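# Architecture and fold: a report
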Amino acid sequence: MKFFITLITLCFAFQLSAQQSSISGSVTESFTKGVVVGAKIALESNIDGSVKLVRSNLDGQFIFENIDSGNYTATVTMLSFDTVTVELEIEAGFNTYDFIMGGGQELEEVQVIGNLAVDRKTPVAVTRISTKQLAEELGSRDLPMILNSTPGVHATQQGGGDGDARITIRGFDQRNVGVMIDGVPVNDMENGAVYWSNWFGLDAITGQIQVQRGLGATKLAMPSVGGTMNILTQATGGKRMIKVAQEYGTGDFLRTSLAYKSGTLKNGWGILFSGSYKQGNGWVDGANTQGAFYYLKVQKKIKNHIISLSGFGAPQQHGQRSYSQPIEYWDSEYARSIGIADSSIDADRDRGLQFNQHWGYRDGETFNERRNYYHKPQITLKDFWKVNDKLSWSNIAYTSIGRGGGQRYFNSASTIIRDEQGLVDWDTIIYNNQYKTLFGSVYSTADPAYDDNLLKSSQILSASVNNHFWVGGLSQFDYKPNEFWNIAGGLDYRYYKGEHYTEVIDLLGGDYFINEADLNAPTTMKVVGDKIAREDRPYQNHRDGLVQWAGAFGQAEYSKGKWTAFINASTVTNFYKGIDYFRAKQLMLEDTLIEIGYGDTVNYNGQEYTQASEGVENNSTNWISRSGFTFKTGANFNVTESSNVFLNLGYLNRTPQYSNVVDNNTNTFFDNLVNEKILAIELGYGFRSKKLSLNTNAYLTKWENRPLPYGLSVPDPLDPSEFIRVNVPGMDAVHMGIETDFALILHKKLSFEGMVSIGDWRWASKEDIVIYADTISFDARGVHVGDAAQSTYAASLRYAFAKNGYLKLKYTFFDRYFSDFNPNSLSGATSGKDSWQIPAYGLLSVHAGYTVRFEKSQLRFKANIFNALNTVYVSDARNNYHLDGSSDFDANSATVFIGQGLRFNVSVGFQF
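Residues numbered from 1 in each chain as written. Predicted model: local features only at pLDDT ≥ 70, side-chain atom pairs only at ≥ 80, totals over all residues. Heavy atoms only, no water.

What the chain contains, in helices and strands, is six helices and 58 strands. Expressed as a percentage of the 912 residues in the chain, the buried residues total 53%. Counting contacts in the chain only where the partners sit at least 6 residues apart, residues at least 24 apart contribute 66% of the total. As presented, the chain carries roughly 38,700 Å² of accessible surface, and 56% of it is formed by carbon and sulfur atoms. (Helix = DSSP H or I, 4+ residues; strand = E, 2+ residues; numbered from the N terminus. Buried < 20%, exposed > 50% of the residue type's maximum accessible area, 1.4 Å probe, protein only. Contact = heavy atoms within 4.5 Å. Areas by Shrake-Rupley, 256 points an atom, 1.4 Å probe, with all protein chains shown as cover.)

As structure tokens, this is what we get:
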């Protein structure tokens, strides 16, 4: 009898427990998808009216446990957000629901100025990197490296220096990828490049990275042929938060970080601060790094205005590895494994995968010959005015002042001295500068320092200095005349001045240096801080590049029911000007070599030069200008509550970049200044359900007049022994492909993500171009574009092994990766020939973390292992670049960088 009573009791208890349920999820804001901390979630039973309350934690997560199944009303509230009310049907067992909050004025500001794509509404291919993903996967890497599992994206670390990463999207390098921070463009105004060493530490206050592939939804006229990467910092609103963290990684890498967010204060103020310091030796030998990061944003809400002042910068210095080398130089066994014959392997081999020729020991301390140092603070003032329920107006003013450059060995007469290991022998160089000068009879009685018995350096270190001053303004409005239409427009202005020169920074034991290659001042004593002519530009030692950008844009968006459509048009006029400073200038006029003296004026090739004490200014046209425009349109249709399709197309008539307008060597304007023409079309499909999210799209981009950066070097028709640079119009390319990514929840603790990206990027040009009296012929039709993997695949598995712990495995595979090359070099027997295809490779990374939660704080432990299988692979390659002059379009003819091997990063952080 007792047995039956016990059995009935157990069954009854089991039945009661079976009816008990739980519901968990997250609270995020609608525009940046950032987590909302401290939101109050009230769950009211529709049966008995009972209410349970919880708040979202520091990760934006919440959970209700031990509740009855049935119908409930959930209400989510948070200061500065609109209240969210949702009717829920909670089933027996485990339930999930994610709340999305919006409507706050601060979030509307992000939407207006951030140029963000909205899921199932904006008809573009987009990938969002959340704060959570950044925290789990980035480690100590450069920001672009986390994007390698994004469709169409390929990022590498190049030589391996900290901050030297590069990124391509759909086969277009970062000169053709628009990068913005909080809606402010940051691509270099002269060449379009992005230098990621300037943005160290930004991950600490990033709310989201949104990558829009293709021409994208950006309203501004941007160089976004491949895509747009928008980095959005966190808002000051929400709950107060303080975070401290300490990292340690490969190469004795150390990083200490502190962040503070005030949350929304009662008097309308808000503060966001972050600071970091890092140092380390790097995975590559001698690639030491040291840097800091600071960010401060002060915000005030005054009636319908949100006014903010923010500033950030990252002063840093890091060693570099600048030269790619033959494969056997790094590892002859690997060279043999990819088909290089023993007979082709050079004697200079097996230096090691981490070897770096640019460093050595100076007085027993590591000292790098190649060192990048830079500080680029940026200050931004914003005013977002909510005029009324229909109209908002945003005004942004910003300035950036960059100072720094690149250190390198300088000697026109001899090569750098090395020891038996191939390292720079700094002590011998210094010895030669000091003792050979005194006892080796280097002095002559004509030497200006002879009587003073000063030490004349024969080998020194110089720096290519690249300072800049940048100021800009962006004004835009957003008007909603009714519930269906949204109209936006604005003006964009930027002024940029880049200052470039070479200066002496280290005399390596001597007292002065005479640059005999400087035809302007071949006998002048130079000391630290003096400007000197570059060895490849003997008449030039100081130049400025000036660019102005004036643009206007407008966009109309219509949204009703299942349809959303937009049309966008923008125009821009660029102004270019070059200034060259020097003592004398030699020019070939009608086969006569003349020299311009002080006060003289000469007209050459339609350009006027006047010698003045402060320099010579290229002022034949004062400023030269070019205008362009962009037109984009698209539509999205939500087929069902789960699926949608979209189509977009655009045409970009793009003005040339400064580096293709002004020849930096001669400070003259290039001939053949033509706009680039880009036509793009894209079709996509999306699917959303509780357990599956899927996106797939196909694209086609046709690019006409695609330029070679800085032009093409050809023999000077007036002096065939010299070379000049010319623009080569007519370079065309076609990029097409398909992209798919998905996320699948297999179990409440297990999720799986995948990505497939297959591109077909080819050159499409055959031209015979007359340059002066010569004809340049090339045939690159059908040749694959190099410098990025055309096929990439990725898969990741995330397992929540505990309530507050996770383990993630991520594998990315790169294939059909052709080495970089110059398509203009393909002619005759090499016409239509592909560059060397780099062997396919895959990289595995492992990420794990555990959080110990307290009542109002938490302690986080994280660990990352990159290239966990220690795979040996070629990360970057240049076709037919071998020093022996071979041009066989194979592995033996290429020079490469070997990718970084196994690395780790661990961290502990406290948040309260």
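If you trace the four strands from one edge of the open sheet to the other, you get β3-β2-β5-β6, paired in antiparallel fashion. The sheet terminates laterally at β3 (51–55) and β6 (84–90), the two strands that pair on one side only. The sheet shows a mean angle of 25° between the axes of neighbouring strands, taken without regard to direction. Of the pairings in the sheet, the one linking strand β2 (residues 40–45) to strand β5 (residues 70–77) comprises six bridges and is antiparallel in character. Across the sheet, the residue bridging to Ser45 is Tyr72, located in β5. (Pairing = 2+ DSSP bridges. Axes fitted to C-alpha atoms, helices over the stretch in contact; angles between N-to-C directions.)

In this section: the sheet that holds strand β14 (residues 206–213). One open sheet accounts for five strands, arranged β9-β14-β15-β12-β13; its pairing is mixed. Each end of this open sheet is capped by a strand with a single partner; those strands are β9 (125–130) and β13 (184–185). Relative to strand β15 (residues 227–233), strand β12 (residues 177–181) is paired through five bridges, and the arrangement is parallel. Note that in β15 the partner of Gly178 across the bridge is Thr228.

This part takes up the packing of aromatic side chains. Tallied over the entire structure, the rule returns 23 aromatic pairs. Between Trp470 and Tyr496, the ring centres sit 6.0 Å apart and the planes meet at 85°, which makes this aromatic pair edge-to-face. Placement of the pair is Trp470 in strand β27 (residues 460–479) and Tyr496 in strand β28 (residues 485–506), with a sequence separation of 26 residues. Overall, the relative accessible area of 3% leaves Trp470 in the buried class. Their ring planes at 55° and their centres at 5.0 Å tell us that Trp485 and Tyr558 sit as a pair that is tilted. (Phe/Tyr/Trp six-rings, centres within 6.5 Å; stacked < 30°, edge-to-face > 60°.)

We now examine the side chain of Gln555. Tracing the backbone through its elements, the reader meets Gln555 in strand β32 (residues 542–560). Polar contacts involving the side chain of Gln555 include one to the side chain of Asn568, which spans 3.2 Å. Residue contacts for Gln555: discarding those within four places in its chain leaves Ala217, Lys219, Asn486, Ile487, Ala488, Phe566, Ile567 and Asn568. (Polar contact = N/O pair within 3.5 Å; in protein donor to acceptor, adjacent residues only side chain to side chain.)

All right, on to a positive patch on the surface then. A contiguous patch of positive charge, built from Lys40, Arg55, Lys239, Arg240 and Lys856, is present on the exposed surface. In this fold, Lys40 is placed in strand β2. With relative accessibility at 34%, the residue Lys40 sits in the partly exposed group. (Patch = residues over 30% accessible without salt bridge, like charges linked within 9 Å, V, L, I, M, F, W, Y side chains within 5 Å. Salt bridge = Lys/Arg side-chain N within 4 Å of Asp/Glu carboxyl O. Lys, Arg positive; Asp, Glu negative; His and termini not counted. Charge placed at Lys NZ, Arg CZ, Asp CG, Glu CD.)

We now examine empty space enclosed by the protein. The full count for this structure, using the stated rule, is 10 cavities of 30 Å³ or more. Empty space within the largest cavity amounts to approximately 720 Å³. Along the wall of the largest cavity there are 41 residues; nearest its centre are Arg141, Gln157, Phe866, Gln900 and Arg903. Secondary structure elements with two or more residues in the lining of the largest cavity: β10 (153–156), β52 (805–818), β54 (841–853) and β58 (903–911). Here the lining of the largest cavity takes five residues from β54, the largest share from any one element. Taken together, the residues that form the lining of the largest cavity break down as 13 nonpolar, 22 polar and six charged. (1 Å grid on protein atoms, 1.4 Å probe; cavity = no way out; pocket = protein on both sides within 12 Å on 5 of 7 lines; lining within 4 Å. Points joined across faces, edges and corners; volume = space filled by probe spheres on them. Nonpolar A, V, L, I, M, F, W, Y, C, P; charged D, E, K, R; others polar.)

Now for the environment of Gly286. In this fold, Gly286 is placed in the loop between β18 (269–280) and β19 (289–302). Each C-alpha atom of the pair Gly286 and Glu369 lies 9.4 Å from the other, and the pair is 83 residues apart in sequence. When residues no more than four places from it in sequence are discounted, the contact partners of Gly286 are Gly319, Asn356, Trp359, Thr366 and Asn368.

This brings us to a nonpolar patch on the surface. Together, Ile567, Phe631, Leu647, Leu649, Ile681, Leu683, Leu700 and Met736 line one region of the surface with nonpolar side chains, adding up to about 640 Å² of accessible area. With respect to the element layout, Phe631 can be found in strand β39 (residues 624–637).

What follows is about the side chain of Lys261. Inspection of the secondary structure puts Lys261 in strand β17 (residues 253–261). Non-local contacts of Lys261, meaning those with residues more than four positions away in its chain, are made with Ala235, Thr236, Gly237, Lys239, Arg240, Met241, Ile271 and Leu272.

Nonpolar side chains tend to gather and get buried jointly when the protein is soluble and globular. Ranked by internal contacts, the top residues of the largest apolar core, which has 31 residues, are Trp196 and Met229. Mapped by element, the contributors of at least two residues to this core are β10, β11 (166–169), β12, β14, β15 and β19. A total of three residues in this core trace back to one element, the largest contributor, which is β12. If we skip the residues at most four places from it in the chain, Met229 touches Leu147, Ile167, Gly178, Val179, Met180, Trp196, Ile209, Gln210 and Val211. The next biggest cluster of nonpolar side chains, apart from the first, holds 25 residues, and it includes Tyr329, Tyr841, Phe897 and Ile898. (Core = buried A, V, L, I, M, F, W, Y, C linked by side-chain atoms within 4.5 Å.)

In this structure the tally under the stated criterion is 24 salt bridges. Across the salt bridge formed by Arg762 and Asp760, the nearest N and O atoms sit 2.8 Å from each other. Residues joined in a network through salt bridges with shared partners are Glu136, Glu137, Arg798, Lys808 and Lys810.

Before going further, it helps to spend a moment on the pairing of β5. Of the pairings in the sheet, the one linking β5 to β6 comprises seven bridges and is antiparallel in character. Across the sheet, residue Val76 finds its bridge partner in β6, namely Val84.

Glancing now at the pairing of strand β33 (residues 563–581). Relative to β33, β32 runs antiparallel, the two being bridged by 19 bridges. From the neighbouring strand, Gly551 faces β33, where its bridge partner is Val572. Hairpin connection of β32 to β33: two residues between the antiparallel strands, including Gly561 at a positive phi of 60°. Two elements, β33 and β39, share 14 bridges in a ladder whose sense is antiparallel. Bridge assignment links Ala569 to a residue of β39, and that residue is Phe631.

This next bit is on unusual backbone geometry. A positive phi angle, close to 50°, is found at Gln158, a residue other than glycine. Phi is positive for Lys303, close to 55°, though the residue is something other than glycine. Along the polypeptide, Lys303 turns up in the loop between β19 and β20 (305–313). The class of Lys303 is exposed, set by a relative accessible area of 74%.

We now examine the confidence of the model for the chain. For the chain, mean pLDDT is 86; residues scoring 70 or higher make up 86% of the total. With pLDDT under 50 throughout, residues 439–446 is counted as low confidence; its partners more than four residues away or in other chains account for 14 contacts. Counting contacts from residues 611–621, a segment whose pLDDT is below 50, to residues more than four positions away or on other chains yields 38 contacts. (pLDDT = per-residue confidence, 0-100.)

Attention now goes to the environment of His882. Tracing the backbone through its elements, the reader meets His882 in the loop between β56 (874–878) and β57 (895–898). A relative accessible area of 8% means that His882 is categorised as buried. For the pair His882 and Val896, spaced 14 residues apart in the sequence, the C-alpha separation amounts to 9.6 Å. In this structure His882 touches Pro326, Glu328, Asp346, Asn892, Ser893, Ala894 and Thr895, once residues within four positions along its chain are discounted.

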